[in-house]
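One-letter residues, chain by chain:
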Amino acid sequence: MPEKKSSTLILSACSQSEEDTQEYSGIIGDGKTLGYEYTVTKEQNKFSWKVGYKGDISIIEERAANEDDLVNYMNAVNDSKLVLVKLILSVSYFLIVIITTLILYKKNRKMLKDGGVIITILAGIAIYIAFKAPFDLSSSLQDAKYYYLILTN
């Protein structure tokens, strides 16, 4: 008897209600950074994309021929946003290290001497990330521009 209950439970968990099988319509994704933007909308079984740059919006229906370009554009916009956040955080972190170092310098020079190696390492990491991030941001924005131009021309 226990087998029958467990199989009934499994079958009931696997069945779908009418609400589960209805198609979703609406916005399923969007992103925006430094002038580039996209919005993905699903209506029935069709996807339409609004892609734009500085307010110039184009609506593109997703097809097999442009699907890869649309996904690459979306990834480039999302990557640009992530790298921009990384740049802001690394610069902020570097400023915090500098301010902390100045405070320690004024209050207790001995503590600063003892922690000098750690402070130098932390500052070095922040500088490295802050120096590398603009190149990554430029690359992501170039990718976004490239795919935007492919999609709109």
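Residues numbered from 1 in each chain as written. Predicted model: local features only at pLDDT ≥ 70, side-chain atom pairs only at ≥ 80, totals over all residues. Heavy atoms only, no water.

Here we look at the overall build of the protein chain
Phase 1 of the analysis: If you tally the helices and strands in the protein chain, you get 5 helices and 4 strands.
Phase 2 of the analysis: Listed N to C, the secondary structure of the protein chain is α-α-β-β-β-β-α-α-α in terms of helices and strands.
Phase 3 of the analysis: Counting over 153 residues, the protein chain shows a buried share of 27%.
Phase 4 of the analysis: A fraction of 48% describes how many contacts in the protein chain between residues 6 or more apart in sequence connect residues 24 or more apart.
Phase 5 of the analysis: Entry remark: accessible area of the protein chain is about 11,200 Å², with carbon and sulfur atoms responsible for 61%. (Helix = DSSP H or I, 4+ residues; strand = E, 2+ residues; numbered from the N terminus. Buried < 20%, exposed > 50% of the residue type's maximum accessible area, 1.4 Å probe, protein only. Contact = heavy atoms within 4.5 Å. Areas by Shrake-Rupley, 256 points an atom, 1.4 Å probe, with all protein chains shown as cover.)

Some words on the confidence of the model for the protein chain
Phase 1 of the analysis: Per-residue pLDDT for the protein chain averages 84, and the proportion of residues at 70 or more is 84%.
Phase 2 of the analysis: Confidence drops under pLDDT 50 across residues 1-21; counting only partners more than four residues distant or on other chains, this segment forms 1 contact. (pLDDT = per-residue confidence, 0-100.)

Regarding helix α5 (residues 116-152)
Phase 1 of the analysis: In this model, α5 (37 residues) spans 54 Å end to end at C-alpha, consistent with the 54 Å of a helix rising 1.5 Å per residue.
Phase 2 of the analysis: Buried residues of α5: Ile119, Ala123, Ala126, Ala130, Ala133, Leu137, Ser140, Ala144, Tyr147, Tyr148 and Leu151, and no others. (Expected span 1.5 Å × (residues − 1).)

A look at the nonpolar core
Phase 1 of the analysis: Of all hydrophobic cores here, the largest spans 14 residues; its most connected members are Tyr38, Val51 and Tyr73.
Phase 2 of the analysis: Within the residue set of this core, elements represented by two or more residues are β2 (36-43), β3 (46-53), α3 (67-107) and α5.
Phase 3 of the analysis: Not counting residues within four places of it along the chain, the set of residues in contact with Val51 comprises Glu37, Tyr38, Asp56, Ile57, Ser58, Ile60, Leu70, Tyr73, Tyr148, Leu151 and Thr152.
Phase 4 of the analysis: One finds Val97, Leu104, Ile119 and Ala123 within the second-largest nonpolar core, a separate group that totals 5 residues. (Core = buried A, V, L, I, M, F, W, Y, C linked by side-chain atoms within 4.5 Å.)

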